[in-house]
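Topology and contacts: notes
Each chain, written out:
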Amino acid sequence: MDARAIFEAIKDLEPFARQKSLDRYVGSDAPLRLEVERLLEEFDAQPLSIEQLQTGESASTSLNPTAVEDEYETLAQGTDSQTVLLAGRYKLLAPIGEGGMGAVWLAEQKEPIKRRVAIKLIKAGMDSAQVLARFDAERQALALMDHPNIARVFDGGLTPERRPFFVMELVKGTPITEYSDRNSLSIRERLTLFTQVCEAIQHAHQKGIIHRDLKPSNILVAEIDGNRAVKVIDFGLAKAMHGAHTLTDLTMNTVQGVVVGTPLYMA
């Protein structure tokens, strides 16, 4: 098969399945691998369509972690599926979200404690210097913060293919607007949630970090011990303010003329 045929066969696969298929198709043919990876990188970096910009949609998709867990448990019964372990202690279970540069997986931590976590990792073919810088900046931003309304980061490392990943708190929540409408919240109840959002963002600003992509899908509401709790997620476009912590060793200046964020929710 030529590079284009291999690309068409694997471009829509999840990251680990894509990498495994790529290895099988190209073997030790380095020039062929490079050409397929180039096509994959171009595919993953496709700009938003006009329709997406008009509706404020981004390239990311997000699933309900609770629903994914339930579906995984159903499918896992009586099966002996291949296990993917990261760092020898994180078992990947199912994808729960995907963006332009990375994918988020539901995973099970095996040690030193057993728990469900979320793992974000770079997509195959997306390991350019700029993408790696943004990925590392998000990990550093989360590590700097310690607030009940911001998703926590627990760990990080490299996959067997040398792609970086980091381990986060698994947030079983619903976008704030969807949650508010579904539960017919009053104005006072909605403002109570909004106050939690403000407190989380204030904490980030006190740490010198600007989120830069606040929108309902990045503000989840979870019910913990009978109480509603906001969790701000996805600091993938975060930026350190002047004089604050350095989020990455690589240059992270916004390029003039490049739109960063989601148009519908931008100031």
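Data block above holds the structure.
What comes next is a walk through the structure.

What counts and how
Residues numbered from 1 in each chain as written. Predicted model: local features only at pLDDT ≥ 70, side-chain atom pairs only at ≥ 80, totals over all residues. Heavy atoms only, no water. Helix = DSSP H or I, 4+ residues; strand = E, 2+ residues; numbered from the N terminus. Buried < 20%, exposed > 50% of the residue type's maximum accessible area, 1.4 Å probe, protein only. Contact = heavy atoms within 4.5 Å. Areas by Shrake-Rupley, 256 points an atom, 1.4 Å probe, with all protein chains shown as cover. Expected span 1.5 Å × (residues − 1). Arc of directions from axis to C-beta. Core = buried A, V, L, I, M, F, W, Y, C linked by side-chain atoms within 4.5 Å. Pairing = 2+ DSSP bridges. Phe/Tyr/Trp six-rings, centres within 6.5 Å; stacked < 30°, edge-to-face > 60°. Lys NZ or Arg CZ within 6 Å of the ring centre and 35° of its normal. Salt bridge = Lys/Arg side-chain N within 4 Å of Asp/Glu carboxyl O.

1. Brief notes about the overall build of the chain
- Tallying secondary structure elements over the chain gives eight helices and 12 strands in all.
- The proportion of buried residues among the 267 residues of the chain is 41%.
- A sequence separation of at least 24 residues applies to 62% of the contacts in the chain between residues at least 6 apart.
- For the chain, the accessible area works out to roughly 14,700 Å², and carbon and sulfur atoms hold 52% of it.

2. Concerning helix α8 (residues 187-206)
- In a regular helix each residue adds 1.5 Å, so 20 residues correspond to 28 Å; α8 covers 28 Å between its end C-alpha atoms and thus fits that length.
- Along α8, the residues that are buried comprise Leu193, Gln196, Val197, Ala200, Ile201, His203 and Ala204. Seen from one end, α8 has its buried residues packed into an arc of 155°, which puts them on one side. The exposed residues of α8 that point more than 90 degrees off its buried face are Ile187, Arg188 and Gln206.

3. Examining the nonpolar core
- If you look at the biggest cluster of nonpolar residues, it comprises 31 residues, and the most contacted ones within it are Leu142, Met145, Leu193, Val230 and Phe235.
- Here this core gets five residues from one element, more than from any other, and that element is α8.
- Those residues in contact with Leu142 that lie beyond four places of it in its chain are Ile150, Ala151, Val153, Phe166, Met168 and Phe235.
- In this structure, Ala103, Val117, Ile119 and Val167 belong to the second largest nonpolar core, which totals 11 residues.

4. Notes on the pairing of strand β3 (residues 90-98)
- Burial of β3 is extensive: seven of the nine residues sit out of reach of the surface.
- Both β3 and strand β4 (residues 102-109) contribute to a ladder of seven bridges, which runs antiparallel. The residue of β4 that forms the bridge with Gly97 is Val104.

5. What to know about the sheet that holds strand β8 (residues 174-175)
- Taken in spatial order, the three strands of this open sheet run β8-β10-β11, and their pairing is antiparallel. At either end of the open sheet lies a strand with only one pairing partner, and these are β8 and β11 (227-232).
- When β8 meets strand β10 (residues 219-224), the two strands line up antiparallel, connected through two bridges. Residue pairing for β10: Pro175 is matched across the bridge by Leu220.

6. Brief notes about the pairing of strand β5 (residues 115-122)
- Along β5, six of the eight residues are buried, which leaves the element largely enclosed by surrounding structure.
- As judged from the eight bridges shared by β4 and β5, these two strands associate in the antiparallel manner. Paired with Leu106 across the strands is Ala118, a residue of β5.
- Between the end of β4 and the start of β5, which pair antiparallel, lie five residues.
- Pairing of β5 with strand β7 (residues 164-169), which is carried by five bridges, proceeds in the antiparallel orientation. Residue Val117 lies in a different strand from β7, and its bridge partner there is Glu169.

7. Brief notes about the packing of aromatic side chains
- One pass over the full model with this rule turns up one aromatic pair.
- Arranged with centres 6.5 Å apart and planes meeting at 75°, the rings of Tyr90 and Phe165 form a pair that is edge-to-face. Taken together, the positions of Tyr90 in strand β3 and Phe165 in strand β7 put the pair 75 residues apart, joining distant regions of the chain.
- Of the residues examined, Tyr90 reaches a relative accessible area of 2% and is grouped as buried.
- For the cation-ring pair, Arg24 lies above Tyr25, with the distance from its terminal atom to the ring centre recorded as 5.3 Å.
- The aromatic ring of Phe154 is capped on one face by Arg115, whose charged end is 4.0 Å from the ring centroid.

8. Notes on the pattern of salt bridges
- The tally for this structure, following the rule as stated, stands at 15 salt bridges.
- Between Asp213 and Lys215 there is a salt bridge, with its nearest N and O atoms 3.6 Å apart.
- Judged by relative accessible area, Lys215 falls into the buried class, the value being 7%.
- A single network of salt bridges, built from pairs that share partners, joins Glu108, Lys110 and Arg116.

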